[in-house]
Amino acid sequence: MESQEGSSGSQLHVVMFPWLAFGHITPFVQLSNKLASHGVQISFLSAPVNIQRISSSLSSSPLIKIIPVHIPAVDGLPPGLGCTADMSPALADLLKVALDKMQPQIESLLIDLEPHIVFIDFVQHWFPSIASPLIRYQNFPFRSLRSCLRSLLLTNVSKQCENCLTLLLLKSCDEMEGPYLDYISKIYGKPVLLTGPLVPEPPIDKLEEKWEKWLQKFPAKSVVFCSFGSETFLQDEQIKELVLGLEQTGLPFIAVLNFVPDGGGDSNVKLKIAFPIGFAERVQDRGMVHTGWVQQQLILAHDSVGCYVCHAGLSSVIEAFMNDCQLVLLPQRGDQFLNSKLVSGDLEAGVQVTRDDEHGHFNEEDLCTSLLIMGNGKDFLLKKYIQDSFITNFVAEMKRIVN
Ligand SMILES: O=c1ccn([C@@H]2O[C@H](COP(=O)(O)OP(=O)(O)O[C@H]3O[C@H](CO)[C@@H](O)[C@H](O)[C@H]3O)[C@@H](O)[C@H]2O)c(=O)[nH]1
């Protein structure tokens with residue numbers, strides 16, 4: 001444990017303000033837990049509807065406080081919503097409008113909280129203009145914790161923001177992508193602060209009985225787990241190829257498939273429509289298809305699971321490494337393509353499914369072939385002292401900046 005005092009004598013206080021989507025909230029939560037265990041005080045801002053789930057993953061440290069923020073009314077946005085998981089993409093755009101209307105609220109919160117540093121996300125383009133006169137120290141990192149190296153970084157940050165930001169904050173480390181991080185620092189002309197990969201702590205809950213009973217029927221490392229995170233959805237045609245590819249391997253599998261939240265329709269019915277004829281009957285003894293949330297970390301940690309087919313969302317990739325699962329990558333959007341290239345190329349720790357050049361589609365053969373290939377090369381993620389050193393260095397850097 002680090003000293004709780006910065007060299008100025010006051011405790012380092014960080015405000016976390018992620019975009020209202022769990023793919024964004026999760027890494028902020030993981031960073032909060034790690035920083036609190038190194039003596040940093042955290043104020044975590046989110047909509048009331050997210051608080052229960054956030055508090056279930058935040059450690060119970062007295063240094064962490066969750067602060068509910070009010071979602072202002074916007075025409076067309078039903079009251080009470082505050083998370084993209086519950087809404088269509090059109091409503092999620094209105095939620096961004098609501099976020100813009102939060103400026104006076106956030107300004108007074110900052111006056112009350114007096115943080116040293118605020119970590120925000122890609123949507124709060126207005127933040128630097130309200131924060132810079134208020135933050136006690138004028139340097140504050142401004143960047144999503146997502147793995148936005150590279151092209152996303154260029155597109156996500158508006159010019160106005162880019163000029164205001166003092167530092168870039170990235171969920172990464174030199175061991176994974178050192179040369180790219182140097183490149184980012186160079187093209188922006190700003191220092192890059194690294195959190196490390198934010199390897200998660202093992203979950204404290206137990207795997208639901210339904211999954212435990214099903215998984216223990218199969219030998220060690222034989223089951224393929226397939227899922228696409230919290231906000232990535234396949235089209236029906238690609239679902240067909242995916243499940244046919246899984247069938248073709250002859251291996252037992254769990255596939256988790258979700259659909260764009262549009263406020264209507266039963267996902268189980270949508271799933272049946274997407275299946276090839278006769279598929280469910282043919283795989284009934286060795287295949288489970290599920291729609292909805294699952295305990296992903298616990299499934300990946302199960303002895304029977306040996307391979308993970310996923311979208312290359314960064315946390316999912318790290319969780320696969322942690323649990324020594326082979327990785328088969330099917331990136332669908334944004335940084336997932338870059339993560340996938342990094343893992344399958346530079347790190348040689350997974351296999352990216354071949355796609356056609358025109359539409360990026362894969363077929364059942366492509367998936368089946370990738371599933372039969374192996375990868376390795378991520379041992380440093382399993383070494384606790386290395387993971388601890390990332391946060392120790394990160395806290396030291398923050399203290400250096402605010403003093
Ligand atoms: O049924 C589920 C689905 C997800 N998770 C967890 O949710 C997290 C998902 O993480 P990740 O795959 O990184 O995030 P996504 O929300 O799917 O992805 C978004 O956020 C990532 C950065 O965190 C980006 O890399 C992706 O492109 C972006 O889509 C992981 O901890 C999973 O264990 C579950 O526990 N159960």
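Above this text you will find the structure in question.
Residues numbered from 1 in each chain as written. Predicted model: local features only at pLDDT ≥ 70, side-chain atom pairs only at ≥ 80, totals over all residues. Heavy atoms only, no water.

Q: Mind laying out helix α1 (residues 22-36), listing which residues take part and the relevant values?
A: Helix length check: α1 (15 residues) gives 20 Å between terminal C-alpha atoms against 21 Å at 1.5 Å per residue, within 8%. With 13 of 15 residues buried, α1 lies mostly within the body of the structure. (Helix = DSSP H or I, 4+ residues; strand = E, 2+ residues; numbered from the N terminus. Expected span 1.5 Å × (residues − 1). Buried < 20%, exposed > 50% of the residue type's maximum accessible area, 1.4 Å probe, protein only.)

Q: Can you lay out the packing of α1 against helix α2 (residues 48-57) for me, pointing to particular residues and giving the numbers?
A: Direction vectors running N to C along α1 and α2 enclose 40 degrees, while the axes themselves pass 10 Å from each other. With respect to α2, the element α1 is oriented oblique. For the element pair α1 and α2, the recorded crossing hand is right-handed. Between α1 and α2, the contacting residues are Phe22, Ile25, Val29 and Asn33 on the first element and Asn50, Arg53, Ile54 and Ser57 on the second. (Axes fitted to C-alpha atoms, helices over the stretch in contact; angles between N-to-C directions. Parallel < 35°, antiparallel > 145°, perpendicular 65-115°, else oblique. Left-handed = near helix turned anticlockwise from the far one by under 90°. Contact = heavy atoms within 4.5 Å.)

Q: Before we move on, could you go through the sheet that holds strand β8 (residues 253-256) and cite the residues and values that matter?
A: With parallel pairing, six strands are arranged side by side in an open sheet as β9-β8-β7-β10-β11-β12. In this open sheet, the two strands that pair with only one neighbour each are β9 (287-290) and β12 (351-352). Bridge analysis of strand β7 (residues 223-227) against strand β10 (residues 305-310) gives five bridges, and the strand direction is parallel. Paired with Ser227 across the bridge in β10 is Cys310. (Pairing = 2+ DSSP bridges.)

Q: So what's going on with the nonpolar core? Which residues, and what values?
A: Residues Phe225, Ile254, Ile299, Tyr308, Val317, Phe321 and Leu327 are the most contacted members of the largest nonpolar core, which totals 35 residues. Sorting elements by how many residues they give to this core places helix α14 (residues 314-322) first, with four residues. (Core = buried A, V, L, I, M, F, W, Y, C linked by side-chain atoms within 4.5 Å.)

Q: Residue-level account of the sheet that holds strand β2 (residues 41-46), with values.
A: One open sheet accounts for four strands, arranged β3-β2-β1-β4; its pairing is parallel. Each end of this open sheet is capped by a strand with a single partner; those strands are β3 (64-68) and β4 (117-120). Across this sheet, the average inter-strand angle for adjacent strands is 20 degrees, counted without regard to direction. The pairing of β2 with β3 spans five bridges and is parallel. Looking across to β3, one finds that Phe44 is bridged to Ile66.

Q: Which residues make up the packing of aromatic side chains, and what values go with them?
A: Each aromatic ring pair is summarised here by two numbers: the centre-to-centre distance and the angle between the ring planes. On inspection of all chains with the given rule, the structure shows six aromatic pairs. Ring geometry for Phe225 and Tyr308: centres 5.2 Å apart, planes at 20 degrees, overall stacked. Within this pair, whereas Phe225 is found in strand β7, its partner Tyr308 is found in strand β10, the two being separated by 83 residues in sequence. By relative accessible area, Tyr308 is classed as buried at 0%. Taken together, a centroid distance of 5.0 Å and an interplanar angle of 65 degrees make the contact between Phe275 and Phe279 edge-to-face. Classification of Phe279 by relative accessible area gives buried; the value is 1%. Put simply, the rings of Phe253, Phe275 and Phe279 touch in pairs and so form one group of aromatic residues. One Lys or Arg, Arg53, reaches over the ring of Phe22 and ends 3.8 Å from the middle of that ring. Over the aromatic face of Trp293 sits the side chain of Arg53, whose NZ or CZ is 4.2 Å from the ring centroid. (Phe/Tyr/Trp six-rings, centres within 6.5 Å; stacked < 30°, edge-to-face > 60°. Lys NZ or Arg CZ within 6 Å of the ring centre and 35° of its normal.)

Q: So what's going on with the site of the ligand? Residues and values would help.
A: Around the ligand, the surrounding shell holds 19 residues, and the nearest of these are Ser230, Val294, Ser316, Glu319 and Asp335. For the ligand, a nitrogen atom lies 2.7 Å from a polar atom in the backbone of Val294. A distance of 2.8 Å separates an oxygen atom of the ligand from a polar atom in the side chain of His311. Protein chains bury 94% of the 690 Å² of accessible surface belonging to the ligand in isolation. Those elements that provide at least two residues to the shell around the ligand are α1, α14 and α15 (335-346). With four residues, α14 is the largest single contributor of residues to the shell around the ligand. (Near = heavy atom within 4 Å. Polar contact = N/O pair within 3.5 Å; in protein donor to acceptor, adjacent residues only side chain to side chain. Areas by Shrake-Rupley, 256 points an atom, 1.4 Å probe, with all protein chains shown as cover.)

Q: Talk me through the environment of Ala349; I want residue IDs and the actual numbers.
A: Relative to the assigned elements, Ala349 resides in the loop between α15 and β12. Overall, the relative accessible area of 1% leaves Ala349 in the buried class. Between the alpha carbons of Ala349 and Val97 there is a distance of 40 Å; along the sequence they are 252 residues apart.

Q: Account for the side chain of His290, naming residues and giving values.
A: Among the secondary structure elements, His290 is positioned in strand β9. If we skip the residues at most four places from it in the chain, His290 touches Lys210, Trp211, Ala255, Val256, Leu257 and Leu271.

Q: Now, about the pattern of salt bridges: what can you tell me, with residues and values included?
A: Inspection of every chain in the model, using the stated rule, returns six salt bridges. The shortest N-O distance in the salt bridge between Asp93 and Lys96 comes to 3.9 Å. With a gap of three residues between them, Asp93 and Lys96 both fall in helix α3 (residues 89-100), about one helical turn apart. (Salt bridge = Lys/Arg side-chain N within 4 Å of Asp/Glu carboxyl O.)

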